[in-house]
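# Reading the structure
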Amino acid sequence: QVQLVESGGGLVQAGGSLRLVCAASGRTFSYYAMGWFRQAPGKEREFVASISWSGGNTYSAASVKGRFTISRDNAKNTVYLQMNSLKPEDTAVYYCAARRAPISSTYYTDKADYDYWGQGTQVTVSA
């Protein structure tokens, strides 16, 4: 069982930055691939970025590539999402997700692949 708690959301002006933090419980965090998703009002939850449990492989959605960076610190059971050059269309609730991965280099981009979810943190970008 893995429990996830997100933090770091808030209100920021367009062009600004935020760093989201996902703190995970459980001794086997190192063997979990992690992902960030977001959901805007009236829209489906969409993939943002993912990272393998080794941290060596990452993948980001085209809409955030070059602006957002996912990283992890297995010693601290923590995953980060650094968000730069924020745009109003980035406004959403951001969720952290986890799933056990059999291979250290694997990452997942489909929300159906994830077993555990956090409660979400609101990010609002004003124009």
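Everything numeric in this text was worked out from a predicted model, so none of it was measured.

To continue, consider the state of the cysteines. A full pass over the atoms with the stated rule returns 1 disulfide. The disulfide that involves C22 links it to C96, with 2.1 Å between the sulfurs. The disulfide joining C22 to C96 has a torsion of about -75 degrees about its S-S bond and is therefore left-handed. Of this pair, C22 sits in strand β3 (residues 18-24) while C96 sits in strand β9 (residues 92-100); the two residues are 74 residues apart in sequence, bridging distant segments of the chain. Overall, the relative accessible area of 0% leaves C96 in the buried class.

The next thing to look at is the packing of aromatic side chains. Inspection of every chain in the model, using the stated rule, returns 9 aromatic pairs. Between Y32 and Y116, the aromatic rings sit 6.2 Å apart at their centres with planes inclined by 65 degrees, giving edge-to-face as the arrangement. Note that Y32 is positioned in strand β4 (residues 32-39) and Y116 in strand β10 (residues 116-117), a separation of 84 residues in sequence. By relative accessible area, Y32 is classed as buried at 7%. The exposure class of Y116 is partly exposed, given its relative accessible area of 21%. Site record: aromatic cluster; members linked through ring pairs are F37, F47, Y59, Y107, Y108, Y114 and W117.

Turning to the pattern of salt bridges, a few remarks are in order. What the rule picks out here adds up to 3 salt bridges. Put simply, R38 and E46 hold a salt bridge, and the shortest N to O gap is 2.6 Å. Using a relative accessible area of 36% as the deciding quantity, one classes E46 as partly exposed. For R38, the salt bridge goes to D90, with nearest N and O atoms at 2.9 Å. Linking R38 in strand β4 with D90 in the loop between β8 (78-83) and β9, this pair joins segments that are 52 residues apart in sequence. Grouping residues by exposure puts R38 and D90 together as buried.

What follows concerns the pairing of β9. Among the 9 residues of β9, 7 are classified as buried, and the element is accordingly described as predominantly covered. Sheet topology note: the β9/strand β11 (residues 121-126) ladder contains 3 bridges and is antiparallel. Residue pairing across strands places A92 opposite V123, the latter belonging to β11. Inspection of the sheet shows β9 paired to β10 by 2 bridges, in the antiparallel sense. Considered in β10, the bridge of A98 is made with Y116.

The next point concerns the pairing of β3. The element β3 is largely enclosed, with a buried count of 5 among its 7 residues. Sheet topology note: the strand β1 (residues 4-7)/β3 ladder contains 4 bridges and is antiparallel. Across the sheet, S7 pairs through a bridge with V21, a residue of β3. Bridge count for β3 against β8 is 6 bridges, and the pairing is antiparallel. Across the sheet, C22 pairs through a bridge with V79, a residue of β8.

Analysis parameters
- Residues numbered from 1 in each chain as written.
- Predicted model: local features only at pLDDT ≥ 70, side-chain atom pairs only at ≥ 80, totals over all residues.
- Heavy atoms only, no water.
- Disulfide = S-S within 2.5 Å.
- Helix = DSSP H or I, 4+ residues; strand = E, 2+ residues; numbered from the N terminus.
- Buried < 20%, exposed > 50% of the residue type's maximum accessible area, 1.4 Å probe, protein only.
- Phe/Tyr/Trp six-rings, centres within 6.5 Å; stacked < 30°, edge-to-face > 60°.
- Salt bridge = Lys/Arg side-chain N within 4 Å of Asp/Glu carboxyl O.
- Pairing = 2+ DSSP bridges.

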